[in-house]
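# Structural description and commentary
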Number of protein chains: 2
Amino acid sequence: MELSHSEENYLKAIYSLSAMSDTGDAATNEIADRVQTKPPSVVDMLKKLATKKLVTYEKYKRVQLTSQGKKVAIQVVRKHRLWETFLFEKLQFNWDEVHEVAEQLEHIHSEKLIERLDQFLGHPVYDPHGDPIPSANGEIKTAKRYKLSEIEAGTTCQVVGVNDSSSDFLMYLQQLSVGIGTKIKVLERIAFDHSLMVSFKKGHQTVVSKKFADNVLVT
Amino acid sequence: MELSHSEENYLKAIYSLSAMSDTGDAATNEIADRVQTKPPSVVDMLKKLATKKLVTYEKYKRVQLTSQGKKVAIQVVRKHRLWETFLFEKLQFNWDEVHEVAEQLEHIHSEKLIERLDQFLGHPVYDPHGDPIPSANGEIKTAKRYKLSEIEAGTTCQVVGVNDSSSDFLMYLQQLSVGIGTKIKVLERIAFDHSLMVSFKKGHQTVVSKKFADNVLVT
DNA sequence: ACTAAATGTTAGAGTTACCTAATTTTATTT
DNA sequence: AAATAAAATTAGGTAACTCTAACATTTAGT
Ligand SMILES: [Mn+2]
Ligand SMILES: [Mn+2]
Ligand SMILES: [Mn+2]
Ligand SMILES: [Mn+2]
């Protein structure tokens, strides 16, 4: 069954909201926020998705994806993240420019296209934001992600993403030559202001603030 | 002004129909055929495009693109052909598989994407079907294209496209190792059945039928 | 338990892009 | 110049997706 852009966007929104909620479901207003519409539009769509068996919905209750719905949502996420990787790796888009275009590209319908793209990119595992790319059969690498600020002194870890994507933050990262994949060793945790003494590859050593370390995700 | 998929498809259809007509315009029924709708839908759309100044339309007369409309149409064609080239060159799609997916990709809205894609592909001049790719400012290489069947004996020419894109024909071409860019020398024109004696690169020599030669475009 | 606030739903309507059936205009024959 | 055929248009309607305003339900605060 061929879904519309709109249906796919809703499924993706419900998927990511459910993933954050500890009850595995999403609320009407949350969805409206996420897909930039008003709550009545969400209700209409939930009814439609429910008749298509993509979602289990009872009025006044939070929605849940069915396994069918989840499968579709994950494929959309896969496409989104593969396109982001393409834009970043092959077309030299910046970190913060890829999302908007991928938001459109994720709706192109072609099995073959996405499998060939995956192959062309060398089967990447993480997108430019460090988010895991689901595999063709829907499996997602879910290595637990820590804030850099939680890492013990003496440990070496690897950057897999960020919490903040403001351009101030991204520019600072660029200046430090820190990106996805960068290895960081935590040398010392400074009790006074919770800042960290760290070293990046090649022993280049600096102090970073707690605010910085809270926004860098590592494994 | 951001146009819809549908509006873009209509403009593209009117553009290519106008190019074929010697009066530089297109008829309602022709457009309906091309975009796979019914004539009343076309009339609706023509009225809309007319209020947007993309088309000059008077009822019961043939439509013409305004210069604005032509500009938009050419940009859509540019995107279509660049994406076809990407699919063919980078993702190893076959000649006859690229069109359908490009039909979707041509509607992605992003200036930057298309310029970067063009650069990534090395500013190609022809798409996988041998059709010219308009430049960023809308210029189109219009080297006159001849049928192979029109070429004089003794002349060497180069394949730039085909008239038929049936898979029977494409498979035959593949078997002969003939593709875009292949050089062909016409050795002899056989009066009896208008077939041609030709040689491909490396002196490999064969006879091809008139039907074949009518469907191979060369410069 | 009662009230107020927050959340969610229904009613009714607009837009885009289609459709079929009926009608009008233009083009082609005789 | 009629008559007929072809092409184009209008009328009226549907489906998807969105909205605002009004109403219903649930939740949280006292
Ligand atoms: Mn999207
Ligand atoms: Mn991402
Ligand atoms: Mn298209
Ligand atoms: Mn083409």
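First, a word on scope: everything that follows refers to the structure included in this document.

What counts, and at which threshold
- Residues numbered from 1 in each chain as written.
- Chains lettered and ligands numbered in written order.
- Predicted model: local features only at pLDDT ≥ 70, side-chain atom pairs only at ≥ 80, totals over all residues.
- Heavy atoms only, no water.
- Least-squares fit on C-alpha atoms with pLDDT ≥ 70 in both.
- Contact = heavy atoms within 4.5 Å.
- Donors = N, O, S within 2.8 Å, 3.2 Å for Na, K, Ca; no water.
- Helix = DSSP H or I, 4+ residues; strand = E, 2+ residues; numbered from the N terminus.
- Buried < 20%, exposed > 50% of the residue type's maximum accessible area, 1.4 Å probe, protein only.
- Pairing = 2+ DSSP bridges.

## Thoughts on the relation of the copies chain B and chain A
The relation between the two chain copies is a rotation about an axis coupled with a shift along that axis. Superposing chain B onto chain A requires a rotation of 180° together with a translation of 0.0 Å along the rotation axis, leaving an RMSD of 0.3 Å. Each copy turns onto its partner about a two-fold axis. Within chain B, Leu 105 of chain B has its C-alpha nearest the rotation axis, a separation of 3.8 Å. The fraction of interface residues of chain B whose copies in chain A are also interface residues reaches 100%, indicating that both copies meet through the same surface.

## Describing the coordination of the manganese ion (ligand 2)
Residue and element names in this part refer to chain A. Bound to the manganese ion (ligand 2) on the protein side are Glu 84 (OE), Asp 127 (OD) and His 129 (ND1), at distances that span 2.1 to 2.4 Å. Spacing between the donor residues of the manganese ion (ligand 2) along the chain follows E-x42-D-x1-H. Taken together, the residues span a long stretch of sequence, with Glu 84 in helix 4 (residues 67-89) and His 129 in the loop between helix 6 (111-120) and strand 3 (146-147) at a distance of 45 residues. A relative accessible area of 17% means that His 129 is categorised as buried.

## Here's the deal with the pairing of strand 6 (residues 196-199) of chain B
Residue and element names in this part refer to chain B. Going residue by residue along strand 6, you find Leu 196 and Val 198 tucked away on one face and Met 197 and Ser 199 tucked away on the opposite face as well. Examined bridge by bridge, strand 5 (residues 183-189) and strand 6 share 4 bridges and lie antiparallel to one another. Considered in strand 6, the bridge of Arg 189 is made with Leu 196. The hairpin turn running from strand 5 into strand 6, its antiparallel successor, is 6 residues long, and His 194 in that turn takes a positive phi close to 60°. Bridge analysis of strand 6 against strand 7 (residues 205-208) gives 4 bridges, and the strand direction is antiparallel. Of the residues in strand 7, the one forming a bridge with Val 198 is Thr 206.

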